[in-house]
Amino acid sequence: MEYKRISFETKEGIAYIGFGYNCTKSMTVLDEETLKELDLICDELTGNQNNLKGAIFFTHKDRCFLAGADISLIAGLNTESEGAQGAEAGQLIYNKIEDLKIPTVACIHGVCLGGGTEFALSCNTILVSDDNATMMGLPEVKLGILPGFGGTYRMPRKVGLPTALDLILSGKTVRAKKCKKIGLAAEVYAKERLVDKAPEFFNKKAKKAGLKETLGDFAADNFLSRKVIFQKARESVLKKTKGFYQAPLKILDTMEAGMMKGRTSYLASEAQAFGELCTGEQSKNLQHIYFMTERVKKYPGPKGGEAPKLKRGACLGAGTMGGGIAWLMAANDMAPIMKDLNVEALELGLKQASSNFQGALKRKRMTRDDFERQMRSITCQTSYDGFDRVDLLIEAIIEDMNIKKSVFAETEKYVSDKTVLTSNTSSLSVEEMAGALEKPERFAGLHFFNPVHMMPLVEIITHSKVAPETVEALYNWVLKTKKTPVICKDGPGFLVNRILMPYLNEAGFLLQEGVSIKDLDDACLNFGMPMGPCRLLDEIGIDVGDKVAKIIHNGLGDRAKASDFPKIMVEKNFLGKKTSKGFYVYDEKGKPAGENEEMRSLLKQDKKMSETEIQKRVFLPMINEASIILEEKIVETPSDVDLGLIFGIGFPPFRGGLLRYADSEGLDKILSAINEYSESVDFDRYQASNFLKNLVKEKKKFYDLEK
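It should be emphasised that the depicted structure is a prediction, and the values quoted were computed from it without experimental measurement. (Residues numbered from 1 in each chain as written. Predicted model: local features only at pLDDT ≥ 70, side-chain atom pairs only at ≥ 80, totals over all residues. Heavy atoms only, no water.)

Asker: What is the right way to read the packing of helix α13 (residues 281-295) against helix α26 (residues 638-649) from this model?
Answerer: For any two helices packed against each other, the geometry comes down to the angle between their axes and how far apart the axes lie. Running from amino to carboxyl end, α13 crosses α26 at an angle of 100 degrees, the nearest separation of the two axes being 11 Å. Comparing the axis directions of α13 and α26 gives the class roughly perpendicular. Taking contact as the criterion, the partners of His288, Ile289, Met292, Thr293 and Arg295 in α13 are, on α26, Ser639, Asp642, Leu643, Ile646 and Phe647. (Axes fitted to C-alpha atoms, helices over the stretch in contact; angles between N-to-C directions. Helix = DSSP H or I, 4+ residues; strand = E, 2+ residues; numbered from the N terminus. Parallel < 35°, antiparallel > 145°, perpendicular 65-115°, else oblique. Contact = heavy atoms within 4.5 Å.)

If you want it as structure tokens, here you go:
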């Protein structure tokens, strides 16, 4: 029989089945057509197995075996029964593979995730290539679901219960050598040898388990030990997720309840759990984030001339931020120049870059040779030597407009006409900065978030004279560095800081009213924020926050006015983590060690306010400001807003983003609450935007704007 999505041929009594056949996309996914063909192939193998020595599954792709199920199929499931039936359909196909009487070998080269790994688990033997692109894992938990094609059933039987729980609950991926080490793969070969070596495993007996594996199996088979394993896993999940995420807990419940069940009964429970999760609001929100991140991988803006290739980099300004940017450039083979006025600043920048690389070295994500090579690629200097060969320059000096304009006017004399110039400003006008340049068309804002090596978002800020090819080049470069770009128009605070500032400002007013630091931070943590506003201000630096607040207030007027509280803290030198004292005190390692007792005299902390009330006070102004940003077209879509806040400040992903959360709460309720606070709290800070009013009047949601 002829197949369109999967190749199938028999040679010398061996069936060779190849995924990615006739596929023009870089990643092969299990879409509806591919699953149908795989089912037919399973039937053909079953009917012909008496004439076969074995079956070998491989890929036609250079960097992908199977990237998992097509997420669009999951997104299209609307009821729990539909979800359960979809999982059952996949399970039946994989059961056919597992039930074949002939040996089956999965030759994994490239990406093998989710349904791809579940498929491999249904084969007798897994071989993996030693290529850097090869990885296996079950990342379904990141979409708020569980592996539904038998993954939770087969993984513990392959690698043992503790390792399986670690993989399934974290969604982590493992490289080739680790696959063999944990028992997921039988052997590692060069990709060219994988298929040729596969027949050797047709009649090979499984490797005898070592003492560690034997003890692990014994623990998993022992009722009391198993109970302890699940209890520890549950404690770990609750500690990491604070109980906000449903999928990890459902996974634990399903696996623990099914440990003594047979395959049929277990898989029925797995399918039911999959159906419950995939159609829930939380999973739909996480799926929404997945689709947003996929869309952002393609440049959305207008095309100009040919976008320049950014191969060699330079950073103006060292220190912590400059060192982080130099690290990013070095990690992407840009052999960066890091320039500053003095050696001390350069040493600090180099120390920051080294610290970032050391982290990767410690986690075995790079070799010692790569560490040495990439650190040596950073050139530190106080002159402009070599700047004429730079393709991308990122300025990361003090946040002062006059100094920045002066530095750019000077720097432009030393770079080539093709060099793309950018500023890492967090709040200053890019339009005004562009005025200091003779060729403003090759200039834009490129705002990184601190720390650079951890924060995934980069804002690309445009201005009236920027060339489309400049924006496109920067967009492509940000994607190449594995970060998430969001294009913003110029305006006070751009996107993230402009929406963050009402949150921080309102926190200051609540403190002045007498709400305690603990109640304020706890309310925001219990909403799902990674840290409360007081703790966040300590991280940013109280003086920095105060300075940015003034800039945004000057640009936006009284709706952005801030409390006087930061000024008092600056006078006391309570600047946060950098001075070891802010709202909290910090030990020598920079870890919080309790509230700053000296703050007691500055705060009343005598006002009791409900958690819900605190949350409304800090999040409603953010929603209102986001609506004004859309009205002013600082960004184009609600997705841009939500992507920026999730990756820029850690807005809780399980809520789908600020505006998706607002839609789910109901914009009429949001508007009513804002109007109420306008009368009872402050007229200026809670002045509802016309944009929001019109949406409510027209009975529309934010995300209706994307349809």
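That covers the picture; the talk isn't over yet.
Asker: Is there a simple way to think about the nonpolar core in this case?
Answerer: If you look at soluble globular proteins, the nonpolar side chains tend to sit buried side by side. The biggest cluster of nonpolar side chains holds 113 residues, and the ones touching the most others in it are Phe448, Trp477, Tyr503, Phe583 and Phe702. Here the element with the most residues in this core is helix α25 (residues 611-631); it accounts for 9 residues. Those residues in contact with tryptophan 477 that sit more than four places away from it in its chain are Leu310, Leu328, Met329, Met334, Leu392, Ile394, Leu446 and Phe448. Leu77, Ala176, Leu184 and Ala273 belong to the second-largest nonpolar core, a separate cluster that totals 72 residues. (Core = buried A, V, L, I, M, F, W, Y, C linked by side-chain atoms within 4.5 Å. Buried < 20%, exposed > 50% of the residue type's maximum accessible area, 1.4 Å probe, protein only.)

Asker: Looking at this structure, how should I read the pattern of salt bridges?
Answerer: Between side chains of opposite charge, pairing is possible as soon as their charged atoms come close. Scanning the entire structure with this criterion turns up 42 salt bridges. Across the salt bridge formed by lysine 518 and aspartate 522, the nearest N and O atoms sit 2.6 Å from each other. Here lysine 518 and its partner aspartate 522 are both found in helix α21 (residues 517-527), 4 residues apart, which amounts to about one turn of the helix. Connected through shared salt-bridge partners, Glu506, Glu513, Lys561, Lys607, Arg617, Asp682, Asp684 and Arg685 make up one network. (Salt bridge = Lys/Arg side-chain N within 4 Å of Asp/Glu carboxyl O.)

Asker: Even after reading the chapter, I still don't get the sheet that holds strand β1 (residues 7-11), so can you show me in this structure?
Answerer: Backbone-to-backbone hydrogen bonds join strands into a sheet, with any given pair of strands oriented parallel or antiparallel. Taken in spatial order, the 6 strands of this open sheet run β1-β2-β3-β5-β7-β10, and their pairing is mixed. Of all strands in the sheet, those bounded by a partner on one side alone are β1 and β10 (187-189). Strand after strand, the sheet turns through a mean of 20 degrees between neighbouring axes, direction not considered. Pairing of β1 with strand β2 (residues 14-19), which is carried by 5 bridges, proceeds in the antiparallel orientation. When the bridges of β2 are listed, glutamate 9 appears paired with tyrosine 16. (Pairing = 2+ DSSP bridges.)

Asker: I tried to follow the packing of aromatic side chains on my own but got confused; where do I start?
Answerer: The geometry of an aromatic ring pair is captured by two quantities: the separation of the ring centres and the angle between the planes. Tallied over the entire structure, the rule returns 27 aromatic pairs. Measuring from ring centre to ring centre gives 5.4 Å for tyrosine 290 and phenylalanine 291, while their planes differ by 70 degrees; the resulting arrangement is edge-to-face. For tyrosine 290, a relative accessible area of 29% translates into the label partly exposed. Feature note: the residues Phe19, Phe57, Phe65, Tyr94, Phe119 and Phe149 constitute an aromatic cluster, connected by ring pairs. Residue placement shows arginine 157 over the ring face of tyrosine 153; its charged tip is 3.9 Å from the ring centre. (Phe/Tyr/Trp six-rings, centres within 6.5 Å; stacked < 30°, edge-to-face > 60°. Lys NZ or Arg CZ within 6 Å of the ring centre and 35° of its normal.)

Asker: What exactly am I supposed to notice about the pairing of strand β5 (residues 104-108) here?
Answerer: Among the 5 residues in β5, 5 count as buried, and that is most of the element. The alternating pattern of β5 places Thr104, Ala106 and Ile108 on one face and Val105 and Cys107 on the opposite face, and all of these are buried. Pairing of strand β3 (residues 54-59) with β5 involves 3 bridges; the strand directions are parallel. For isoleucine 56, the partnering residue across the bridge sits in β5 and is valine 105.

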